[in-house]
Amino acid sequence: MRLASQIRTASLIAGKQANLTLHMGDEKQGLTPVFHALERADIPVSLFQPTHCSRNPHLFKDALKFAEMGGTVDLTCEGDGKTLEFIKQFKDTSKVTISSDAQGSWSTYNEDGSIKEIGITPVSNLKKEFISLKNALGYEKALPFFTQNVAQVLGLKNTGVIKEGFDCDLVIWKDDEIKHIITKKD
């Protein structure tokens, strides 16, 4: 609560949006500490940004509750097309983003807590997940999880959509392959 209050105060002083990104693990408590903070303090739900909320069933249940409260949640992109099943459970998909921890490490553990396996999440997971969602939902419904919703969470007012006066990068696709990327060069 103290950290969230300090971040909120700093954002008010700076006149900028602030986020407290919560990199969620497998702890049994899930989002319980966030729910307690929201009950006890005058902190807006939008300040908290829990990530990887599809990592286990109890965390995902908390994520659905958090989204119902008006919060935005991030789902883990494994690149296996399973994200769609999670997305279908949200009433408001504008409150959902997708990330992968691209090039981040992951590990699995034996029952005694020793490391069983360690690896690196490939950047290509995002592309695979986008293609899967695009094939299931169409471009217009798949794009916001990677663009518009993310821009809204971060408080980026002039990005996230293709619109006059907005900054954007254009990614040109053909047959599920990226053919060109157009960016503004400063």
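Placed above this text is the structure.
Residues numbered from 1 in each chain as written. Predicted model: local features only at pLDDT ≥ 70, side-chain atom pairs only at ≥ 80, totals over all residues. Heavy atoms only, no water.

Quick rundown of the overall build of the protein chain? Include the residues and the values.
Looking only at helices and strands, one finds seven helices and eight strands in the protein chain. With the C-alpha coordinates aligned to their principal axes, the bounding extent of the protein chain is approximately 50 × 45 × 35 Å. Counting over 186 residues, the protein chain shows a buried share of 33%. Taking all contacts inside the protein chain whose residues are at least 6 apart in sequence as the whole, residues at least 24 apart take part in 51%. Of the roughly 12000 Å² that the protein chain leaves accessible, carbon and sulfur atoms contribute 52%. Here the protein chain holds 23 positive side-chain charges and 24 negative ones, and the gap between their average locations is 4 Å. (Helix = DSSP H or I, 4+ residues; strand = E, 2+ residues; numbered from the N terminus. Buried < 20%, exposed > 50% of the residue type's maximum accessible area, 1.4 Å probe, protein only. Contact = heavy atoms within 4.5 Å. Areas by Shrake-Rupley, 256 points an atom, 1.4 Å probe, with all protein chains shown as cover. Lys, Arg positive; Asp, Glu negative; His and termini not counted. Charge placed at Lys NZ, Arg CZ, Asp CG, Glu CD.)

Just give me the short version of the environment of leucine 59, but keep the residues and values in it.
Tracing the backbone through its elements, the reader meets leucine 59 in helix H3 (residues 57–68). When the C-alpha positions of leucine 59 and glycine 25 are compared, they lie 8.8 Å apart, and in sequence the two are 34 residues distant. With residues near it in sequence (within four places) discarded, leucine 59 still touches Met24, Gly25, Gly30, Leu31, His52 and Cys53.

Let's hear about the pattern of salt bridges: which residues, and what values?
The full count for this structure, using the stated rule, is four salt bridges. Salt-bridge contacts for lysine 88 lead to glutamate 85; the nearest nitrogen and oxygen are separated by 3.4 Å. A relative accessible area of 55% means that lysine 88 is categorised as exposed. The exposure class of glutamate 85 is partly exposed, given its relative accessible area of 47%. Between glutamate 177 and lysine 127 there is a salt bridge, with the nearest N and O atoms lying 3.0 Å from each other. One end of the pair, glutamate 177, is in strand E8 (residues 177–182); the other, lysine 127, is in helix H5 (residues 124–137), with 50 residues separating them in the sequence. Here glutamate 177 falls in the partly exposed class, since its relative accessible area comes to 40%. (Salt bridge = Lys/Arg side-chain N within 4 Å of Asp/Glu carboxyl O.)

Can you tell me about the pairing of strand E7 (residues 170–174), naming the residues and giving the values?
Taken together, the five bridges between E7 and E8 define a ladder with antiparallel strand orientation. Looking across to E8, one finds that valine 171 is bridged to isoleucine 181. In textbook terms, the turn of a hairpin is the stretch between consecutive antiparallel strands, and for E7 and E8 this stretch comprises two residues, one of which, aspartate 175, has a positive phi near 55°. (Pairing = 2+ DSSP bridges.)

Help me get a handle on the nonpolar core, residues and values and all.
By size, the foremost hydrophobic cluster in this structure holds 33 residues, and its most contacted members are Phe48 and Phe66. The set of elements that each furnish at least two residues to this core consists of helix H1 (2–14), strand E1 (20–23), helix H2 (32–40), H3, strand E3 (73–76), helix H4 (83–87), strand E4 (96–99) and H5. When residues in this core are grouped by element, the largest group, five residues, is from H3. If we ignore the near neighbours within four places in the chain, the residues touching phenylalanine 66 are Leu31, Val34, Phe35, Leu38, Val45, Phe48, Pro50, Gly71, Thr72 and Val73. (Core = buried A, V, L, I, M, F, W, Y, C linked by side-chain atoms within 4.5 Å.)

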